[in-house]
Amino acid sequence: MRERLAYWAGRLALALSRRLGRGGTSLPGRVALRVDPALLGKLARRCERGAVLVSGTNGKTTTARILAGALERSEGAPVHNRSGANLPPGLVTAFLRTPPPWRRALLEVDEAALPRAAAQVPAALLLVTNVFRDQLDRYGEVERTARLIESGIRRLDPGATVVLNADDPRVAAMAAAAPGPVRFFGFEASVAASDAKGPLGDAGRCPRCAAPLTFTARLYAHLGRYLCPGCGFRRPDPEVTIQGFTALPWGSRLEVAWAGGALAVELPLPGLFNAYNALGAAAAALALGVDAEVVGAALGAAVGSFGRFQRVDAGERQLVVALVKNPTGFNEVLRTVEGIEGEKDMLFLLNDRAADGTDVSWLWDVDLERLSRPGAGIGAVTCGGERAGDMAVRLKYAGFERPRLQFAQGVEAALDLALARGSPGRPLVIMPTYTALLALEDVLARRGVARSFWEV
Amino acid sequence: MDRRLVLVHLYPDLLNLYGDRGNVLALSRRASWAGWTLEVREVGMGEAADLAEADMLFVGGGQDREQKTLAQDLLRRRDAILRGVDRGLVVLAVCGGYQLMGRRYVTPEGEEVPGIGLMDLETLPGPGRLVGNVVVAAGWLEEPLVGFENHGGRTFLGPSAQALGQVVRGHGNNGRDGTEGAWAGKVYGTYLHGALLPKNPAFADHLLRQAAARRRGEVPWPKLDDLEEHAARAVLMERMGLRGQR
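Residues numbered from 1 in each chain as written. Chains lettered and ligands numbered in written order. Predicted model: local features only at pLDDT ≥ 70, side-chain atom pairs only at ≥ 80, totals over all residues. Heavy atoms only, no water.

Peer 1: I'd like a description of the sheet that holds strand 14 (residues 187-190) of chain B, backed by residues and values.
Peer 2: Residue and element names in this part refer to chain B. The strand order across the open sheet formed by 6 strands is 2-1-3-4-14-13, and the pairing between neighbours is mixed. Strands at the two margins of the open sheet, each flanked by one partner only, are strand 2 (37-43) and strand 13 (182-184). Strand-to-strand twist of the sheet, defined as the mean angle between neighbouring strand axes without regard to direction, takes the value 15 degrees. Bridge analysis of strand 3 (residues 56-59) against strand 4 (residues 90-94) gives 4 bridges, and the strand direction is parallel. Bridge pairing in strand 4 places valine 59 opposite alanine 93. (Pairing = 2+ DSSP bridges. Helix = DSSP H or I, 4+ residues; strand = E, 2+ residues; numbered from the N terminus. Axes fitted to C-alpha atoms, helices over the stretch in contact; angles between N-to-C directions.)

Peer 1: Hey, could you go over helix 6 (residues 201-216) of chain B for me, with residue numbers and the actual values?
Peer 2: All names here are of chain B. Under the 1.5 Å per step criterion, the end-to-end length of helix 6 is 22 Å for 16 residues, consistent within 8% with the ideal 22 Å. Most of helix 6 is tucked away, with 12 of its 16 residues classed as buried. Those residues of helix 6 lying buried are Pro201, Ala202, Phe203, Ala204, Asp205, His206, Leu207, Leu208, Gln210, Ala211, Ala212 and Ala213. Glycine 217 sits one or two residues past helix 6 and shows a positive phi near 75 degrees. (Expected span 1.5 Å × (residues − 1). Buried < 20%, exposed > 50% of the residue type's maximum accessible area, 1.4 Å probe, protein only.)

Peer 1: Lay out the pattern of salt bridges in plain terms, naming residues and giving numbers.
Peer 2: Within the structure shown, the criterion is met by 52 salt bridges over all chains. In this structure, A:Arg317 and A:Asp345 form a salt bridge, with 2.9 Å as the shortest nitrogen-oxygen distance. Placement of A:Arg317 in strand 13 (residues 317-322) and of A:Asp345 in strand 14 (residues 344-349) is noted, with a sequence separation of 28 residues between them. Salt bridges sharing partners connect three or more residues here, namely A:Lys396, A:Arg402, B:Arg30, B:Asp205, B:Asp225, B:Asp226, B:Glu228 and B:Glu229. (Salt bridge = Lys/Arg side-chain N within 4 Å of Asp/Glu carboxyl O.)

Peer 1: Please give an account of the pairing of strand 8 (residues 130-137) of chain B that cites residues and values.
Peer 2: Residue and element names in this part refer to chain B. Judged by how many residues are buried, strand 8 sits mostly within the fold: 6 of 8 residues are covered. Note: strand 8 against strand 9 (residues 145-151), 7 bridges, orientation antiparallel. Considered in strand 9, the bridge of valine 134 is made with glycine 147.

Peer 1: Lay out the interface of chain A and chain B in plain terms, naming residues and giving numbers.
Peer 2: Contacts between chain A and chain B engage 37 residues on the former and 38 residues on the latter. Summing the contributions of chain A and of chain B, the shared interface buries around 3,300 Å²; its carbon and sulfur component is 49%. At the surface where chain A touches chain B, the tally comes to 7 salt bridges. Note that A:Glu369 is salt-bridged to B:Arg21, the shortest N-O span being 3.6 Å. Of all the elements in the fold, those that place two or more residues in the side of chain A that touches chain B are helix 7 (136-139), helix 8 (142-154), helix 13 (388-397) and strand 16 (405-407) of chain A. Top element by residues in the side of chain A that touches chain B is helix 13 of chain A. It accounts for 7 residues. (Contact = heavy atoms within 4.5 Å. Buried area = accessible area lost by both parts, 1.4 Å probe.)

Peer 1: An account of the nonpolar core is needed here, citing residue identities and associated values.
Peer 2: All names here are of chain A. Membership of the largest hydrophobic core comes to 119 residues, with the highest contact counts inside it found for Phe187, Phe330, Phe348, Leu368 and Met431. For this core, the element with the most residues is helix 10 (residues 272-287), which contributes 12 residues. Residues in contact with leucine 368, not counting those within four places in the same chain, are Phe330, Leu334, Phe348, Leu363, Met391, Arg394, Leu395, Ala398 and Phe400. Core analysis: the next-biggest nonpolar cluster, separate from the first, contains 54 residues, Ala6, Leu33, Val79 and Ile153 among them. (Core = buried A, V, L, I, M, F, W, Y, C linked by side-chain atoms within 4.5 Å.)

Peer 1: I'd like to hear about the state of the cysteines, residue by residue, with values.
Peer 2: This structure, assessed with the given rule, holds 0 disulfides over all chains. With no disulfide of its own, A:Cys206 has A:Cys231 as its nearest cysteine by sulfur position, at a separation of 3.6 Å. (Disulfide = S-S within 2.5 Å.)

Peer 1: Break down the packing of aromatic side chains for me, citing the residues and quoting the values.
Peer 2: Residue and element names in this part refer to chain A. Under the counting rule described, the total for this entry stands at 21 aromatic pairs over all chains. Seen from their ring centres, phenylalanine 187 and tyrosine 276 are 4.9 Å apart, and the 40 degrees between their planes marks the pair as tilted. Placement of the pair is phenylalanine 187 in strand 6 (residues 182-187) and tyrosine 276 in helix 10, with a sequence separation of 89 residues. Per residue, the accessibility class of phenylalanine 187 equals that of tyrosine 276, and both read buried. Across from the ring centre of phenylalanine 215, 5.9 Å away, lies the NZ or CZ of arginine 218, which sits over that ring. (Phe/Tyr/Trp six-rings, centres within 6.5 Å; stacked < 30°, edge-to-face > 60°. Lys NZ or Arg CZ within 6 Å of the ring centre and 35° of its normal.)

Geometric values such as these leave the question of function open.
Structure, rendered in structure tokens:
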């Protein structure tokens, strides 16, 4: 009874927010949860095939979208929080937006929300992408994030499969917490473009005995092939692997292999990080029994989420929007941007709300110095967002100076400044933090440039 | 004319949390803008460091679970650091590094980790973490210190320690007595990052000037163009209801 009331209260809120022209990716769920705080578990239990959860610090939204493509092709569209609203109200809203009956739920879940979600939702599978340093002020420390995910894993049903990134030592170590079967995915291809040289810090230590790990190969950040000289902990052999990786201008060619199968595919999303997202999605889809052919089709048709390296035409300017949210992701975006032919202008949009991380000092761990090297192909550089000044200070110390470096407070003012400064032939690469991306999307939609976030 | 300074950066591989790299970067850029060269020597755990030749020492902040390992290494360097300080070594320690400059650090589990006792202070565990933006009035500087804090330990100053400044917004050393950081001679400790020195150019220049004085006596230090720095500070000050203050 309470469940029905909560469901219909949420549906009403959804209808109202739609009428008001707002997407409402969380609000309807918030209303429904107020009526019945246990609603998420109740709705998820109505799914014929249970739920699939995706967590980890980076790549959740894109990974879940690729996996959704595979599920959609093989068994019909799942209930899915595609916009990336990954706290309980967002998860509930995904159900409110999809008319029943529900076959399966595919839920991207924030790390801090995972323990509760895993306890409530009957999950058939949980996929963990990676654990990078992210928004320390919100969770305390990296190790805490990892422990939150582990505590989620412990609460899964014994029948649930846990799919883990073998190349991330901290994620691989989570296998010990799994009550049921574990599958690993990882890179077997050696990637020539590796510039994994930065300090490893805490992530370079053995998650079991804290001794420094020996890496025989590194892809980026702390992802690679490792071995602990102290306790013998080592990278597990992954079941689903990437055997070949070739970077293309706006994507990559991948050779994916597993026991009993292989597929070669052109992934239309650029960068090594997206290859990882595709690999994780493939491993999860295969574990769920999706046909190899269908998995290949889903990878080949992968569409980035809004702002995840998305190209947008704004009149004569081409915009490339790439969300940045932590040092590792930022570094990978910069590396991918460098692969874009010719000169490009840059716009950095830094906000510091809860979803961005209220501590902006993570910027200093980003290798922005690489942009000021001669030959990097960078034209005008503009900073904006609520912490435009902090971004400008960071770039100043990275070797940029006025007049090439300029800043304006806010998102819209900075966008206008960047558009006015650059030359029409050059693409403008925009790198916003999460809430700055939402603001940017608003501005672009208002100007008729991009579709609405919640419609994508 | 020798315009060279040497900075030893301890544990850059381990204590690279919270953008500590920014502090070293700020010192080296500002030194060069002022016509000096700052040579940075990175020293990891167990590696030899020649502190006799150093003008500055920087120790950053790490995760709680690294504190013990660090303390052991730091204790082995204690005498060398003390000798350096006697000869005018300028020390800046942030977060975890700051805590270990004191007499002791007690972990949340109640374990006692000895510090090197460079300053009269101790750090005890407390409930939750003290997190957020901070503004500190430091009368000896021309502008308040601004930054971000994130620490579980509560630091209490002994009678012979002096606070770096008084908290205007935020928590500071322990969230109770209104103090933030500590200094003794040319040794400075603070919980502020953000990163600290790029956003507090007056403090960065103060440290550099002291280091330069060790080499060549009192030297004039040029006023640099800090437009971006002041824009970053102004947003923070305004948000904290301190509009118009620099």
